[in-house]
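# Observations on chain architecture
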Amino acid sequence: AISIPSNIAEGWSRNRNLEFIRFLEIAYSSACELETQLLISKDQYSAVDYESAEKHLLEVKKMLFGLILSKKPKSAY
């Protein structure tokens, strides 16, 4: 989970739009990894509110996807 905001911050520090997009995509991939880890951990840790965690993670993924689309040049579609 820490790698998501870390990649956003690293991309922002590059001061170039294409680099920022690249790191946003890496952050999105990290969110997908976290989603997989949540699914795997369900069997091991029953005390965690997985429904809430998955809901929040879905919102993060939507925000990242929207930000990626907003930063890409229109010719990239």
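The structure contained in this document is the topic of the report that follows.

The rules behind each value
- Residues numbered from 1 in each chain as written.
- Predicted model: local features only at pLDDT ≥ 70, side-chain atom pairs only at ≥ 80, totals over all residues.
- Heavy atoms only, no water.
- Salt bridge = Lys/Arg side-chain N within 4 Å of Asp/Glu carboxyl O.
- Helix = DSSP H or I, 4+ residues; strand = E, 2+ residues; numbered from the N terminus.
- Buried < 20%, exposed > 50% of the residue type's maximum accessible area, 1.4 Å probe, protein only.

This part takes up the pattern of salt bridges. Under the criterion given, the structure shown has eight salt bridges. K72 is paired through a salt bridge with E25; the nearest N and O atoms lie 3.3 Å apart. In this pair, K72 sits in the segment after α3 (50-71) while E25 sits in helix α2 (residues 17-41), placing the two residues 47 residues apart along the sequence. Using a relative accessible area of 28% as the deciding quantity, one classes K72 as partly exposed. What makes E25 partly exposed here is its relative accessible area of 33%. Within this structure, E10, R14, R16, E19 and R22 form a network of salt bridges that share partners.

All we've got here are geometric facts, nothing functional implied.
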